[in-house]
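Report on the structure
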Amino acid sequence: MTSKLSAVLPDLSPWRSSRDFRLLWAQGLITYFGSFMALVALPLQIKELTGSPLAVGVMGAVELVPLVIFGLYGGALADAVDRGKVILLTEAGLGLLAVVLLVNAMLPEPMLWPLYVVAAGVAALAGLQRPALDSLLARIVPHDQLAAAAALNALRWQVGAIAGPAVAGLVVAYAGNAPAYATTVICFIASALMCLRLSPAPPAENADKPSLRGIAEGARYAWSRPVLLGTYAVDLAAMFFAFPNTIFPFLADELDADWSLGLMYAAGSVGSVLVSLTSGWVSRVRRHGLLVVCGAAGWGLAIAAAGWLSDVWLVLVCLGLAGAGDMLSGLGRSTIWNQTVPDELRGRLAGIEVLSYSVGPQLGQVRAGAMAGWTGTRPAFWTGGLACVVSVGLLATALPKLLTYDAQTDEDARRRRAARTAAAGGPDTADTVPGEPGPAVARTAPDVPPGA
């Protein structure tokens, strides 16, 4: 019985083998909790000030340009400087932006424009931070523990994603926006202090300075790999067509269930955490591309169902199923990235990865807000969900190598495994030596940038 249970429960090997992994896991949990407090309060405050779905959706458009620019630059930066310092400085910057939200919320008449300015600033800092964060994680996780590390990071994210929105919904409803933003500030202060304890992570000795040429080199590599290209394209399409979070406040109004707003933001995370808590089987999966496609299609179907149903509890169940589908897709994407990307391109590929899982949600917010203003809130859900399923099916057909990807036979995965073994001087084991190359641990959770 014990052996069967251990085969299902998460593999804790990365947690046991690395001090820095434990630090980053705890730091990320604190950051996510604070971020989700702001994630609920910010769109709700825009809704209160304007009453317009489009005004809420415009937040995604405001975030898009800085996310693209700084995400690509952040990838090149992660290959050229100490990644720990990038994480620390951007975490401090996100905390300062949370202070701006807090001060604005405490004004007798809060202003609208600072909310958009902060949203753009958060996107820029998140774009700079995430490639460095992903690349740093790679250096403390051995090749044979990549899937386990992805599942543990997903579990961390989900704990924050469930607690943050649920608590934020209550805090905003009964105390207002200012206490929610104050909690965000406190969380970022605590997170920055933990970042100070991380081991140095200097770049490789022959690392090039950040440049457009270097960014282009990473883009060419991604374009030449159909499997990687497929993971980016599927995630981008799924989020563009079926990311309705920005119109949750309007759905709660239509269902006459204002109390459910925090639960709507948390429901997807409940489904995802159930997958994470039973993720022991992930370490034995070889066809990760199939996980990507099936998970993304399941996400779209569940979002469509949420738009068709009128019972708030059934809607919450559908959102939970959507989160489970997104988690399966995320685990597949993360493992493929970790197993195949060479270390010298890891930061730049992480920058492209930021675009694949972040630009989609930003554009999705605009699509959802505009569609809700044109056709109504619920049609914006179900049409987007169906479009997601169709687009994922078309991409899977156009990129068959994604579906047939096998971790044991793929040439890039075998080459990367051999390089890691050679760098370690023998069998692949945990290595916490600063500067040691290793696979990146990419996003394994629904699409919310740090500090959102």
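Rules used throughout
Residues numbered from 1 in each chain as written. Predicted model: local features only at pLDDT ≥ 70, side-chain atom pairs only at ≥ 80, totals over all residues. Heavy atoms only, no water. Helix = DSSP H or I, 4+ residues; strand = E, 2+ residues; numbered from the N terminus. Buried < 20%, exposed > 50% of the residue type's maximum accessible area, 1.4 Å probe, protein only. Contact = heavy atoms within 4.5 Å. Core = buried A, V, L, I, M, F, W, Y, C linked by side-chain atoms within 4.5 Å. Expected span 1.5 Å × (residues − 1). Phe/Tyr/Trp six-rings, centres within 6.5 Å; stacked < 30°, edge-to-face > 60°. Lys NZ or Arg CZ within 6 Å of the ring centre and 35° of its normal. Salt bridge = Lys/Arg side-chain N within 4 Å of Asp/Glu carboxyl O. Axes fitted to C-alpha atoms, helices over the stretch in contact; angles between N-to-C directions. Parallel < 35°, antiparallel > 145°, perpendicular 65-115°, else oblique. Left-handed = near helix turned anticlockwise from the far one by under 90°. Nonpolar A, V, L, I, M, F, W, Y, C, P; charged D, E, K, R; others polar. pLDDT = per-residue confidence, 0-100. Bend = angle between axes of the 7 residues up to and from the residue. Polar contact = N/O pair within 3.5 Å; in protein donor to acceptor, adjacent residues only side chain to side chain. Patch = residues over 30% accessible without salt bridge, like charges linked within 9 Å, V, L, I, M, F, W, Y side chains within 5 Å. Areas by Shrake-Rupley, 256 points an atom, 1.4 Å probe, with all protein chains shown as cover.

1. Considering the overall build of the protein chain
A count of helical and extended segments in the protein chain gives 18 helices and zero strands. When the 452 residues of the protein chain are sorted by exposure, 61% land in the buried category. Across the protein chain, contacts joining residues at least 24 apart in sequence account for 88% of those joining residues at least 6 apart.

2. A few points about the nonpolar core
Tyr-181, Leu-228, Met-264, Trp-299, Leu-319 and Leu-349 are the most contacted members of the largest nonpolar core, which totals 82 residues. Here this core takes nine residues from helix H13 (residues 288-308), the largest share from any one element. Leu-228 has contacts with Tyr-221, Ala-222, Ile-336, Trp-337, Thr-340, Val-341 and Leu-349, leaving out every residue within four places of it along the chain.

3. Examining helix H10 (residues 226-241)
A rise of 1.5 Å per residue sets the reference length of H10, with its 16 residues, at 22 Å; its end C-alpha atoms lie 22 Å apart and thus fit the reference within 8%. Restricting attention to buried positions, one finds in H10 the residues Val-227, Leu-228, Gly-230, Thr-231, Tyr-232, Val-234, Asp-235, Ala-237, Ala-238 and Met-239.

4. Focus on the packing of aromatic side chains
Evaluation of the coordinates by the stated rule reveals six aromatic pairs. Their ring planes at 75 degrees and their centres at 4.9 Å tell us that Phe-240 and Phe-241 sit as a pair that is edge-to-face. On the basis of relative accessibility, which here comes to 28%, the residue Phe-240 falls in the partly exposed class. Taking the centre distance of 5.1 Å and the plane angle of 75 degrees together, the rings of Phe-248 and Tyr-265 count as edge-to-face. With a gap of 17 residues between them, Phe-248 in helix H11 (residues 248-254) and Tyr-265 in helix H12 (residues 261-277) connect regions that are remote in the sequence. Just as Phe-248 is buried, Tyr-265 falls in that class too. Aromatic ring contacts, followed pair by pair, group Phe-248, Tyr-265 and Phe-381 into a single cluster. The side chain of Lys-47 reaches across the aromatic face of Phe-250, ending 5.8 Å from its centre.

5. Side note on unusual backbone geometry
Both trends apply: most residues other than glycine have a negative phi, and most peptide bonds are in trans. The phi dihedral of Asp-256 is positive, around 55 degrees, even though this residue is not glycine. Relative to the assigned elements, Asp-256 resides in the loop between H11 and H12. Residue Asp-256 is classed as exposed on the basis of its relative accessible area, which comes to 70%.

6. Details of the pattern of salt bridges
Throughout the structure, instances matching the rule amount to three salt bridges. The closest approach of N and O atoms between Asp-20 and Arg-19, which form a salt bridge, is 3.1 Å. Judged by relative accessible area, Asp-20 falls into the buried class, the value being 8%. What makes Arg-19 partly exposed here is its relative accessible area of 38%. Between Asp-253 and Lys-47 there is a salt bridge, with the nearest N and O atoms lying 3.3 Å from each other. Here Asp-253, found in helix H11, pairs with Lys-47, found in helix H3 (residues 19-50); they are 206 residues apart in sequence, far enough to count as distant. According to the relative accessible area criterion, Asp-253 is partly exposed, its value standing at 38%.

7. A few points about the packing of H3 against helix H8 (residues 177-195)
The relative placement of two packed helices comes down to the angle between their axes together with the axis-to-axis distance. Relative to each other, H3 and H8 sit at 155 degrees, their axes nearing to 8 Å. As summarised for this structure, H3 and H8 are arranged roughly antiparallel, according to the angle between their axes. Where H3 crosses over H8, the handedness of that crossing is left-handed. Its residues assigned to classes, the contact of H3 with H8 comprises 15 nonpolar, nine polar and one charged.

8. Structural notes on the confidence of the model for the protein chain
Of the residues in the protein chain, 86% reach a pLDDT of 70 or more, and the chain-wide mean stands at 81. The element-level mean pLDDT for the protein chain is lowest in helix H1 (residues 2-8), coming to 55, with helix H5 (residues 83-105) highest at 93. Counting interchain partners and residues more than four positions distant, the pLDDT-below-50 stretch residues 427-452 has 111 contacts.

9. A few points about helix H4 (residues 53-78)
Over its 26 residues, H4 extends 37 Å from the first C-alpha to the last, a length consistent with the 38 Å expected when each residue adds 1.5 Å. Leu-64 marks where H4 bends most, by close to 30 degrees; the proline Pro-66 follows one to four residues later. With a side-chain oxygen lying 3.2 Å from the backbone nitrogen of Leu-54, the N-terminal cap of H4 falls on Ser-52.

10. Comments concerning the environment of Leu-115
Mapped onto the elements of the fold, Leu-115 is located in helix H6 (residues 113-138). Residue class for Leu-115 comes out buried when judged on its relative accessible area of 0%. Separated by 73 residues in the primary sequence, Leu-115 and Leu-42 have C-alpha atoms spaced 7.2 Å apart. Filtering out sequence-adjacent residues up to four positions away, Leu-115 remains in contact with Leu-42, Gln-45, Ile-46, Leu-49, Leu-101 and Asn-104.

11. Structural notes on a nonpolar patch on the surface
Nonpolar side chains collect at one region of the surface, where Leu-107, Met-111, Trp-113 and Val-117 lie side by side and expose about 380 Å² of accessible area between them. Tracing the chain through its elements places Trp-113 in helix H6.

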